[in-house]
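Breakdown of the fold
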Amino acid sequence: MKLFLITWFVCIFAFLSVKSTYAEERDSTESKLQHSLGLDFKTAYVFPTDRFFKGENAGQTPIRKNLSAHLKYGIKFLPATYLGKYYPYAVQGIGIGYNSFNNPTELGDPLSLYVFQSSRIVTLGRRLSLDYEWNFGASFGWKKYDERTNFYNRVIGSKINAYISFGVSLDWRITPASNLRIGAMLSHYSNGNTRFPNGGINTIGGTVGFVHCLGRADKRQTPGNLNSDIECGVLFRPHMSYDVVIYGATKKKDVLLEGDNVILIPGSFAIAGLNFTPFYNFSKFFRAGLSLDMQYDESANISEHIADINPMPDNTDVKFYRPPLIEQFSVGFSLRAEVVMPVFQINLGVGKNVVCRGSDTNSFYQIFALKANMTKNLFLHVGYQLYRFQDPNNLMLGVGFRFNARGGK
């Protein structure tokens with residue numbers, strides 16, 4: 001699926017730009033980056049969000065477990081670099097994971113390709129800390145729904161799906177170069193409403209991992225929580241910055257007719273939007289603000305403009321009038337919070353449309369987005385929007401510019 005290929009390559013491109021963009025220092029000749037390899041094993045519980053997982057499948061067996069193995073390559077900035085002083089515990093990299101749901105015929109055994117980032121939350125001892133990690137990318141090799149050959153599978157509608165995961169772990173430093181990690185992780189797989197069905201898969205479970213640093217290990221074991229300005233030798237001053245994001249995507253649309261008959265409208269619909277967000281930067285890790293959000297959705301409120309229904313038993317032959325622009329365009333305000341780390345930022349938002357017409361746009365909405373810095377001011381934006389905290393709406397693939405950016409890239 002093209003949109004998710006674009007999503008994944010955007011994230012990988014941002015990571016690969018690290019060496020050329022972030023590791024440049026004028027006054028140091030020592031190594032700029034610390035490289036590492038990691039191996040994780042995960043066992044997870046599959047939430048029974050559909051009858052398919054409860055046993056209504058070809059094997060008539062509940063699907064409850066997900067097993068996966070992950071190989072990861074990461075880099076960390078050393079003290080010679082500005083970002084090494086600013087974020088001494090942050091590790092970012094790329095990973096590949098093999099997944100099994102014990103149902104290869106109907107779900108497949110997909111591979112996940114993703115970028116990840118981890119860092120310390122709090123130090124618990126000389127060799128022990130509590131860390132977090134997120135993964136964001138795409139998963140390939142799914143067996144998708146087919147009305148003839150795979151009709152039980154009503155949760156996966158495409159061979160390529162997004163992969164999002166977040167977890168926390170206890171990190172035990174066995175040697176200066178090796179770490180053992182034990183934790184828990186929540187994961188989500190879906191296609192972003194670009195194909196139907198889009199029920200998605202959600203899992204939660206435990207993970208055990210081993211990380212080994214290549215070359216010279218960073219021997220810092222500074223006590224304390226998230227690194228302080230004094231600890232880093234870098235002084236942060238709170239300030240305002242301003243993000244402008246332009247994005248687009250496509251989506252599928254289904255319509256509920258009389259008698260609870262749901263049909264999928266042929267073709268795809270265009271999405272375009274713009275966000276303007278003034279942020280107050282409270283610290284080098286966190287900023288928040290109020291965002292002005294404008295979006296055009298070609299499919300919005302189309303169910304309210306049915307032109308004709310062919311009198312067939314299943315009502316599959318349906319024609320629609322094009323809704324007026326005011327019903328396809330919305331303007332809203334959202335509260336945004338953003339976690340700031342090297343290369344990537346995680347953006348979360350909750351908002352309400354105030355200029356809108358029709359049930360599809362007159363709603364609360366939620367946004368999850370990943371920003372990948374290309375320069376100090378320019379970044380790539382990969383986001384996902386929900387309505388009413390549960391209804392998938394659309395992807396948000398775009399580019400952004402940051403005014404009054406300060407500090408590292």
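Notes on the structure in this doc start here. Residue numbers run consecutively from 1 along every chain, following the written order of its sequence. Local features in a predicted model are, by the rule used here, given only for residues with pLDDT of at least 70; side-chain atom pairs are given and counted only at 80 or more, and totals for whole chains, interfaces and linings are based on all residues. Excluding hydrogens and water, the side-chain values take into account all heavy atoms of the structure.

With that out of the way, let us pick up the pairing of strand β12 (residues 269–281). Partly exposed residues are those whose accessible area sits between 20% and 50% of the maximum for their type, while under 20% is buried and over 50% is exposed, using a 1.4 Å probe and protein chains only. The way it works is that DSSP assigns letters per residue, a run of H or I at least four long becomes a helix, a run of E at least two long becomes a strand, and they are numbered from the N terminus. Of the two faces of β12, only the one carrying Phe-269, Ile-271, Gly-273, Asn-275, Thr-277, Phe-279 and Asn-281 is buried; Ala-270, Ala-272, Leu-274, Phe-276, Pro-278 and Tyr-280 on the other face are not. What makes two strands pair is DSSP finding at least two bridges between them. In this structure, strand β9 (residues 239–251) lies alongside β12, joined through 13 bridges in antiparallel fashion. Looking at β12, one finds that Ala-249 is bridged to Ile-271.

Pairing between side chains of opposite charge can happen when the charged atoms of each approach one another. Salt bridges are defined as contacts in which a side-chain nitrogen from Lys or Arg sits within 4 Å of a carboxyl oxygen from Asp or Glu. Counted under the stated rule, the structure contains 16 salt bridges. Between Arg-51 and Glu-56 there is a salt bridge, and its shortest N-O distance comes to 4.0 Å. Classification of Arg-51 by relative accessible area gives partly exposed; the value is 48%. Between Lys-251 and Asp-297 there is a salt bridge, with the nearest N and O atoms lying 3.3 Å from each other.

Below, the discussion takes up the environment of Lys-72. Here Lys-72 is to be found in strand β2 (residues 65–77). Residue classification places Lys-72 among the buried positions, given a relative accessible area of 5%. Along the backbone, Lys-72 and Ile-94 are 22 residues apart, and their C-alpha atoms lie at a distance of 5.9 Å. A distance of 2.9 Å separates polar atoms of two side chains, one belonging to Lys-72 and the other to Glu-133. Residues adjacent in sequence count toward polar contacts only when both atoms are side-chain atoms; beyond that, a polar contact is any pair of N or O atoms within 3.5 Å, and within protein one must be able to donate a hydrogen and the other to accept it.

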